[in-house]
Structures are given as C-alpha cells and as structure tokens.
Amino acid sequence: MIQEYVPGKQVTLAHIIASPNQDIYTKLGLDSGHNALGILTITPSEASIIASDIATKSGAVKLGFIDRFSGSVVICGDVSDVESALKQVIKKLQSILGFSIPPITRT
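These remarks concern the structure in this document. (Residues numbered from 1 in each chain as written. Predicted model: local features only at pLDDT ≥ 70, side-chain atom pairs only at ≥ 80, totals over all residues. Heavy atoms only, no water.)

1. Section: the overall build of the protein chain
When helices and strands are tallied, the protein chain shows three helices and five strands. The order of helices and strands in the protein chain, counted from the N terminus, is β-α-β-α-β-β-α-β. A compact globule built from 107 residues would reach a C-alpha radius of gyration of about 13 Å, and the protein chain, at 13 Å, matches this within 12%. Counting over 107 residues, the protein chain shows a buried share of 36%. (Helix = DSSP H or I, 4+ residues; strand = E, 2+ residues; numbered from the N terminus. Rg over C-alpha atoms; globule rule 2.2 N^0.38 Å. Buried < 20%, exposed > 50% of the residue type's maximum accessible area, 1.4 Å probe, protein only.)

Given below as structure tokens:
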C-alpha cells in the first residue's frame with residue numbers, strides 16, 4: 001500500500017472513546033477522573049491550537065494533550081461534554097476556516 005500525504009485543511013479523525021481502559025490513561029499520562037476521551041487529528045498541524053481553544057471554551061472538558069507538530073489533540077471529560085466539544089470543533093473549523101471534516105466516530 002502506498003499512502004500519499006496531500007496538504008490541505010482537514011480534520012482527518014474525530015473520535016470519542018467512552019469508558020476508556022485505565023491503561024490508556026496511564027500510558028497517556030492523564031488523570032483517570034474522566035469517563036471519555038476525544039481524539040482529533042488535524043492538518044495543518046498548527047490548527048490543533050485553534051481546535052484546542054474551541055474545545056476548551058465549548059464546555060466542561062479538559063485538554064489532555066496537544067501536539068502542534070503532528071496535529072493531535074486529546075480532550076477529557078464526560079461523554080456528552082466530549083461529544084459536544086468535538087461537534088463544536090469540527091463545525092467551527094469547517095464554517096470559519098473552510099476545513100473538510102469527517103463524521104465523529106465512537107467506541
């Protein structure tokens with residue numbers, strides 16, 4: 001399989017993990033006092049800063065991880081708050097910055 005990277009404005013992953021295993025929190029170095037994780041992957045990677053700002057302003061979620069070099073963002077909170085934050089992020093990135101967005105997936 002050959003994969004090609006084509007730069008563009010896109011959210012490539014928006015995923016909710018409900019009730020993650022304790023090991024996930026431990027490996028990520030996160031507080032396990034939350035019952036959901038939200039994961040985003042964004043291109044260009046600098047937009048992860050904007051996404052983090054939108055997510056944390058949208059409700060009762062905490063920023064678990066942000067990497068402005070890879071475009072990864074992890075947020076923590078209750079399932080409904082994480083879902084709401086992810087919806088706000090992809091909605092605003094699409095409407096304000098013209099990003100392509102995926103559906104929010106869930107496990």
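2. What to know about the packing of helix α2 (residues 47-58) against helix α3 (residues 79-97)
One can describe the packing of α2 onto α3 by two numbers: an axis separation of 9 Å at closest approach and a directional angle of 130 degrees. With respect to their mutual orientation, α2 and α3 come out oblique. Our pair here, α2 against α3, has a crossing hand that is right-handed. Every residue of α3 that contacts α2 at I50, A51, I54, A55 and S58 is listed here: A85, Q88, V89, K92, L93 and L97. Of the residues belonging to the contact of α2 with α3, the class tally is eight nonpolar, two polar and one charged. (Axes fitted to C-alpha atoms, helices over the stretch in contact; angles between N-to-C directions. Parallel < 35°, antiparallel > 145°, perpendicular 65-115°, else oblique. Left-handed = near helix turned anticlockwise from the far one by under 90°. Contact = heavy atoms within 4.5 Å. Nonpolar A, V, L, I, M, F, W, Y, C, P; charged D, E, K, R; others polar.)

3. Some words on the side chain of H15
Structurally, the position occupied by H15 is in strand β1 (residues 10-18). By relative accessible area, H15 is classed as buried at 13%. One polar contact links H15 to T107, side chain to side chain, over a distance of 2.9 Å. (Polar contact = N/O pair within 3.5 Å; in protein donor to acceptor, adjacent residues only side chain to side chain.)

4. What about a nonpolar patch on the surface?
A grouping of I49, L63 and I66 is seen on the molecular surface, where their side chains present a nonpolar patch of about 230 Å² in accessible area. Within the element layout of this structure, I66 appears in strand β3 (residues 61-67). (Patch = residues over 30% accessible without salt bridge, like charges linked within 9 Å, V, L, I, M, F, W, Y side chains within 5 Å. Areas by Shrake-Rupley, 256 points an atom, 1.4 Å probe, with all protein chains shown as cover. Salt bridge = Lys/Arg side-chain N within 4 Å of Asp/Glu carboxyl O.)

5. A few points about the sheet that holds β3
Remark on secondary structure: sheet strands pair via backbone hydrogen bonds, oriented parallel or antiparallel. Strands sit in the order β3-β4-β2-β1-β5 across an open sheet of five strands; the sheet is mixed. Two strands bound the open sheet, and with one partner strand each, they are β3 and β5 (105-106). Bridging between β3 and strand β4 (residues 72-77) involves six bridges; their strand directions are antiparallel. The partner of F65 across the bridge, within β4, is V74. Relative to β3, α2 is tilted by about 175 degrees, and along the sheet it contacts β2 (36-43), β3 and β4. (Pairing = 2+ DSSP bridges.)

6. Brief notes about unusual backbone geometry
In this chain, T43 is followed by P44 through a cis amide linkage whose omega measures 0 degrees. Here P44 is to be found in the loop between β2 and α2. At S19, a residue that is not glycine, the phi angle is positive and equals roughly 50 degrees. When you line up the elements, S19 lands in the loop between β1 and α1 (22-28). Judged by its relative accessible area of 61%, S19 falls in the exposed class.

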